[in-house]
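Structural characterization, general
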Amino acid sequence: MINRRHLRAALPFLSLAIVLAATFYVQPRTMSYFGLNLMLQYAIPIALATIAQMFVITVNDLDLSIGPFVGLVGCISATLLLNDPLLGILALLACIAAYGLVGALIHIRNLPSIVVTLGLSFVWLGIAVLILPSPGGKAPVWLKAIMSFQMPWVPLPIIAAILIGGIVHVALMTSSFGVIGRGAGGNPKALQRAGWSMLKTKMIMFSIAGFFGVLAGLSLLGLTTSADAHVADRYTLYSIAGVILGGGEFIGGRVSPMGSVVGALTLALAGAFLIFLKISPDWQIGAQGAILIIVLAMRALITSGEARR
Amino acid sequence: MTLHAIKLDGVEKSFGAVRALAGVDLVVSAGECLGLVGHNGAGKSTLMHVLTGTLSPDTGSITVGGVTISGEWSAAASQSAGIRCVFQELSLCPNLSVAENARIMHRPLKGFGWKKRASELIRAKLDEIFPSHGIDPDDEIADLPIGKRQMAEIARAFTVMSDPLRLVILDEPTSSLDAVTAEQLLAYIGKETAKGTAVILISHLLGEILSASNRIVVMKDGKSVAERPAGGFDRASLVAAMGSEAHSAKSHSIKSEAATDASPILVKAHPDGSATGPEMIVRKGEVIGLAGLAGHGQTRTLLQIFSRDHASVDAPMSFIAGDRQTDGVFNLWSIARNVTIRSLKSLTRYGLIDSEAEERLADEWKNRMAIRTPDMDNNILTLSGGNQQKALFARALASDATVILMDDPMRGVDIGTKLEVYDMIRSEAANGRSFIWYTTEFDELAYCDRVYVFRNGKISDEINAGSISEERILQASFAESAA
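Residues numbered from 1 in each chain as written. Chains lettered and ligands numbered in written order. Predicted model: local features only at pLDDT ≥ 70, side-chain atom pairs only at ≥ 80, totals over all residues. Heavy atoms only, no water.

1. Comments concerning the interface of chain B and chain A
- The interface is formed by 27 residues belonging to chain B together with 23 residues belonging to chain A.
- Roughly 1,900 Å² is buried in total at the junction of chain B and chain A, and carbon and sulfur atoms are behind 49% of that figure.
- Joining chain B to chain A, the criterion identifies two salt bridges.
- We note a salt bridge from glutamate 140 of chain B to arginine 254 of chain A, for which the minimum N-O separation is 2.3 Å.
- Linking chain B with chain A are 10 residue pairs in polar contact (both at pLDDT 80 or more).
- When residues of the side of chain B that touches chain A are traced back to their parent elements, those giving at least two are helix H2 (75-80), helix H3 (98-105) and helix H4 (114-129) of chain B.
- Looking at the side of chain B that touches chain A element by element, the count peaks at four residues for H3 of chain B.
- Residue composition of the side of chain B that touches chain A, grouped by class: 13 nonpolar, six polar and eight charged. (Contact = heavy atoms within 4.5 Å. Buried area = accessible area lost by both parts, 1.4 Å probe. Salt bridge = Lys/Arg side-chain N within 4 Å of Asp/Glu carboxyl O. Polar contact = N/O pair within 3.5 Å; in protein donor to acceptor, adjacent residues only side chain to side chain. Helix = DSSP H or I, 4+ residues; strand = E, 2+ residues; numbered from the N terminus. Nonpolar A, V, L, I, M, F, W, Y, C, P; charged D, E, K, R; others polar.)

Written out as C-alpha cells, the structure reads:
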C-alpha cells in the first residue's frame, strides 16, 4: 500500500527531479560538473537560510527578517571580520544572541512573530547600511577559498546540500532534543504539562535559526566576494517558499530538513531554468511563484485524498 | 497512620470573582483508587490542574509522600514527584510518534539509542494494559484513531523511568475507548494500585466509578461534600450527594403564555446527526434549556442548528456566544457598533449605513438592556464583563432573529446582571421569541419551559418545566455504564 504521507514526503524530491530534467532538456550543456556547479552554487546560502527559517516555523512562528539578516551578516563579515577577526566573531555571536532574545520576546509578550520580525527586518537593514553605506568590502580569503573549493567528481553545492540536510535531519528529526523542538510546535500545552519550558525551547530554536542565518550570510559573501546590505532581500520569501516546497507546514511542528534543502535547490534551479527559457528577469519571480503554486496544489490534492479515505 | 501519596489541606483557588476551589482537603493513600465525581463547575478540573502543577493554589498546602511542598509548585515539580495526569482533551503532540511522545514525558530518555529505549518502554506498557492493542511505537499520533490515541496517552502516564510513579489522575479515561479496552484499563488500575500507586478516577460513568474505586469523593461548589468507601454509595446516593437539597424542591411552573402545544414549531433537530434518534423541538415563544455535563454535545448542537445541519429551522436566528473574548465581541469597535452589527441590513440606506438610524438603535438598546456606559461610542472593552455580555444580548435581540441560540452566555457574569437578563429573556419569550439555551448552571434551567439533557452527544432525557429537578438532570447526565 502506498502511504499518502510517504507520497507527500516524496513530492519535493519529485519536483526537483522534474525541474532538473527540464533544465537538462532545454540546455543539455548544464549536464556537467561545471554546469551544475554554476547553476547550484547560489543554492548553498539559500538552503542555509531556508534551514534557519525552518527552525522558526517548527515552533509555529515565521521569520520575515531572515533576508536582511543575511545581508547584515555579509556586511559585518566583509568589514569587521576582515579587519579585526575577533571583533567580527563577537559581532556575529551577538547576532545569534539577538535571535534568541527575539524568540524570548515573542514568547513572553505573546506577540505575533510576523509583526516583530517584519519590524526587525528594517533594523537589520539599517545596521547593515550603517556598517556599509555603499556596496563594497571584501570577503576574508579563507571564506572565498571554502566557497570556490573544487570537489573532485561531485560539485560542492551537491555535497554541501547533502551535508546540511543530513546534519539537520539528525539534530531535529532523530535526536532527543529535536523531539522537544518539534513537540513545541505540535502541542505547546502538552510540552508545558510535561514540565518543559516553552521559553527556553523557543530561545534555543530561534538561536539555532540565527546560527544558520549567519552561515547563510557567510557563504553568500564567499560567493559574491563583496557585500551589499540589500543583496539578500529576496531570501525572506525564498526561505519560506523553500520550507513549504519541502513539505513543511506553517503550524503544527511539521517540517522536513531534507525536504527544505531540496526545496531551496528547486527554487535556485527554477531561476536558472527560467533564464535558459529566455524569460525576462521581470517575469521570473512570478514564474517561480507559479511553480510554488503548482507544487502546493499537488500537495493539497494528495492531502485531500488522504482526508477522504 | 497509613501512608498517603498526596494530601491537600485547605486548598483554595479563585479566578477573579469566581471561587473554583473553596478550601479542599483531600487525602489519597498509596495504593488507593479514588473516584472523584461532581457536576459542572464543581471544581474537579481546577483541582487536577493544581495537582499537576499547571495552576498553583492561592492558599493551602500540598503534601507529597509526607513532605510538605514549600518551594514553588510547578509542572516540573509535580512531574518529578511522580504525579501524572491523563487529561480529557488529549495532551499528546500529534506531529510526533508514540515513542517520541514518551520521550517528552521522560527526561532521561536521551543520548544514543533513546528512540529504541522509548519504543520498548511504551510498547511494554501498552502490551501490559491493552493486550493486542495494535499500536506501533513509530506510528504518528495524527495517524491514529482517537481511541488508540487515548490508549497511547494512558499507557504513557503509567510508564516509569527514573522518577517514581506515585499518583495517576485519569480524567474521563474511557470516553473514547470501546467496552473491551475500557474493561482492560479498569482491570489494570486494580493491578497498579496493588503495587502501591495511587489513582484518581474521574468519570461520568457511575458504574465505572462504583466498581473501580475504593473510595469516592463527591465535589460540589469547589469543596468535597461527601466522602465514603465505594461500598457506601450506590448510584442513587451518589446522584443525591452531587445535588443539593435546596434545589430539588425548586422548579419553575409558569409556562410561557405565548407558547402552547399548538404554537408553530420553529426548530426541529437531531443532535446525534441521525434521522431516527431523539428529536429536539422548539416552538414559537418557548425557552428551551440544554443541560448535562459540559462538552457532551450541547455547543455542537447549537452550531448544528445554526448551520441548519440535520436541523430544519423556520425562522431567522442569532447566536450569543459564551466565550466573549474569542467568539463574541469585536474588541476594537465601539459598543454601538458591536450592538448593531447583526442588524446592518435594516440600517442601510442607498447601500450605505444610515448613521442616525444606527445611533438610534444603539441608544434604544442601551436603555432597554440598561448597559452601563456614559456613551455608546466608547470602546466595548470599557464595559465590565457583565455589561459586555448585555451588549451581546442586545446585538441578538435588536436583530430580526426570532430564534436565539445561547451558548452558556452567563459564564462569569455577576448575579445582578444575570437577573436582569433572565427577566429580559422571559419577556422576549412572551413576545413570541424562542430561545435555545445551553447552560452549565442548574439555577438557570428554572427559566426554561423544557429541558433536554445531553450525554455523549445525544439527548438522554427530555424534561418539562413542571418536573425539572436537579436530581433528574444528574440522573440523565451520568450513565450507569458505557452504552
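2. What about a negative patch on the surface?
Residue and element names in this part refer to chain B.
- There is a patch of like negative charges on the surface, built from Glu356, Glu359, Asp363, Asp375 and Asp377.
- By the secondary structure assignment, aspartate 377 is in the loop between helix H14 (355-369) and helix H15 (385-397).
- For aspartate 377, a relative accessible area of 53% corresponds to the exposed category. (Patch = residues over 30% accessible without salt bridge, like charges linked within 9 Å, V, L, I, M, F, W, Y side chains within 5 Å. Areas by Shrake-Rupley, 256 points an atom, 1.4 Å probe, with all protein chains shown as cover. Lys, Arg positive; Asp, Glu negative; His and termini not counted. Charge placed at Lys NZ, Arg CZ, Asp CG, Glu CD. Buried < 20%, exposed > 50% of the residue type's maximum accessible area, 1.4 Å probe, protein only.)

3. Focus: the sheet that holds strand E7 (residues 167-171) of chain B
Residues and elements named next belong to chain B.
- Read across the open sheet, the six strands follow the order E6-E7-E8-E3-E9-E10; overall the sheet is mixed. Only two strands of the sheet have a single neighbouring strand rather than two, namely strand E6 (83-86) and strand E10 (223-229). Strand-to-strand twist across the sheet, computed as the mean angle between neighbouring axes with direction ignored, equals 20°.
- Where E7 lies against strand E8 (residues 198-202), five bridges are found, and the strand directions are parallel. By the bridge assignment for E8, leucine 170 is matched with leucine 201. (Pairing = 2+ DSSP bridges. Axes fitted to C-alpha atoms, helices over the stretch in contact; angles between N-to-C directions.)

4. Observations concerning the packing of aromatic side chains
Residue and element names in this part refer to chain A.
- Counted according to the given criterion, the structure contains 11 aromatic pairs over all chains.
- Here phenylalanine 69 and tryptophan 124 contribute two aromatic rings whose centre-to-centre distance is 5.4 Å and whose plane-to-plane angle is 65°, an arrangement assigned as edge-to-face. Here phenylalanine 69 is found in helix H4 (residues 66-83), whereas its partner tryptophan 124 is found in helix H6 (residues 113-131), with 55 residues between them in sequence. In this pair, the class of phenylalanine 69 matches that of tryptophan 124, namely buried. (Phe/Tyr/Trp six-rings, centres within 6.5 Å; stacked < 30°, edge-to-face > 60°.)

5. A look at the pairing of E6 of chain B
All names here are of chain B.
- Because side chains alternate across E6, one face comprises the buried residues Ile83 and Cys85, and the other comprises Arg84 and Val86, equally buried.
- Examined bridge by bridge, E6 and E7 share four bridges and lie parallel to one another. Within the sheet, the bridge partner assigned to valine 86 lies in E7 and is leucine 170.

Scope: geometric values only; no functional claims are made or implied.
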